[in-house]
Amino acid sequence: QRDIAILLAAVLASIAGTAAFCWRSQSFYRQALATAGLRENEELFRSTYELSPVAMYLTQKDGRIIRANAAFCQLTGYTEEELTDLDLAKLLPKEHLKKEAMKLLDMETHQISQYQIERRYVRKDGSFVWGLASVAIVRDSDLNISHYMAQVVDISERIEEILAAEVERTEVERTEVERTETDR
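Participant: Can you walk me through the overall build of the protein chain in this structure?
Facilitator: Counting secondary structure elements, the protein chain contains 5 helices and 5 strands. What you see in the protein chain, going N to C, is helices and strands ordered as α-β-β-α-α-α-β-β-β-α. Across the 184 residues of the protein chain, 23% fall into the buried class. For the protein chain, the share of sequence-separated contacts (at least 6 apart) that also reach a separation of at least 24 residues comes to 39%. Total accessible area computed for the protein chain in this model is approximately 13,000 Å², and 57% of it derives from carbon and sulfur atoms.

The following block contains the structure:
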């Protein structure tokens, strides 16, 4: 009986060891799959960000540009290296910064998670380009601000058409006033 008990204990220990080995193997396999999935998702995001025709950039809370894609570089005329040395305030006229201060505060205090705004960007050559910016806040797992993300669509052509229509309307109104005064 004693020999049977020892043999049974050895068989059970072997089975337990095999089960533990299988469990560890499955755990490592699951972790390897998760890591590969994470890498694939990161690559998908990176290529989407870098190759997007929509201008995108990331800023720290203080407004310093962290990253910018090729479309944003083309929009502003700066290289990504030049942009990462800049504060966003250098690219925006002061009136736009003042207008956005309340929206940023609302995002920081969890009132809103994103907003859209039309703004002028100062290009490297000093000219302006109009963009419709969609700005979102990105938070870490503790809900602290990690960074801001912005996507910008060039709306310069539309703004120029609106401004030209306003100038034309003003000229028509002025001509009508002059004509009315002349008829008196």
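After that view of the structure, there is still more to cover.
Participant: Explain the pattern of salt bridges here, please?
Facilitator: Side-chain pairs of opposite charge can arise whenever the charged atoms involved come near each other. Following the criterion strictly, the structure yields 6 salt bridges and no others. Ionic pairing is found between Glu-82 and Lys-124, a salt bridge with its closest N-O pair at 2.6 Å. Here Lys-124 lies in the loop between strand S3 (114-122) and strand S4 (128-139) and Glu-82 lies in helix H3 (residues 80-84), a separation of 42 residues in the sequence. Take Lys-124: its relative accessible area is 45%, and that puts it in the partly exposed class. A salt bridge links Arg-123 to Asp-125, with the nearest nitrogen and oxygen atoms 3.9 Å apart.

Participant: Before we go on, may I ask you to explain the environment of Leu-97 in this structure?
Facilitator: Mapped onto the elements, Leu-97 comes out in helix H4 (residues 94-108). Of the residues examined, Leu-97 reaches a relative accessible area of 31% and is grouped as partly exposed. Distance from Leu-97 to Arg-119, taken between C-alpha atoms, is 9.4 Å for residues 22 residues apart in sequence. Beyond its immediate stretch of four places on either side in the chain, Leu-97 contacts Ala-89 and Leu-92.

Participant: Mind showing me how you'd approach unusual backbone geometry here?
Facilitator: In terms of backbone geometry, most residues other than glycine have negative phi values and most peptide bonds are trans. In the Ramachandran plot, His-110 falls in the positive-phi region, its phi being about 65 degrees despite a non-glycine side chain. Relative to the elements of secondary structure, His-110 occurs in the loop between H4 and S3. For Leu-143, which is not glycine, the phi torsion reads 70 degrees and is therefore positive. Following the sequence through the fold, Leu-143 ends up in the loop between S4 and strand S5 (145-154). In this structure Leu-143 comes out as exposed when scored by relative accessible area, which is 53%.

Calculation rules
Residues numbered from 1 in each chain as written. Predicted model: local features only at pLDDT ≥ 70, side-chain atom pairs only at ≥ 80, totals over all residues. Heavy atoms only, no water. Helix = DSSP H or I, 4+ residues; strand = E, 2+ residues; numbered from the N terminus. Buried < 20%, exposed > 50% of the residue type's maximum accessible area, 1.4 Å probe, protein only. Contact = heavy atoms within 4.5 Å. Areas by Shrake-Rupley, 256 points an atom, 1.4 Å probe, with all protein chains shown as cover. Salt bridge = Lys/Arg side-chain N within 4 Å of Asp/Glu carboxyl O.

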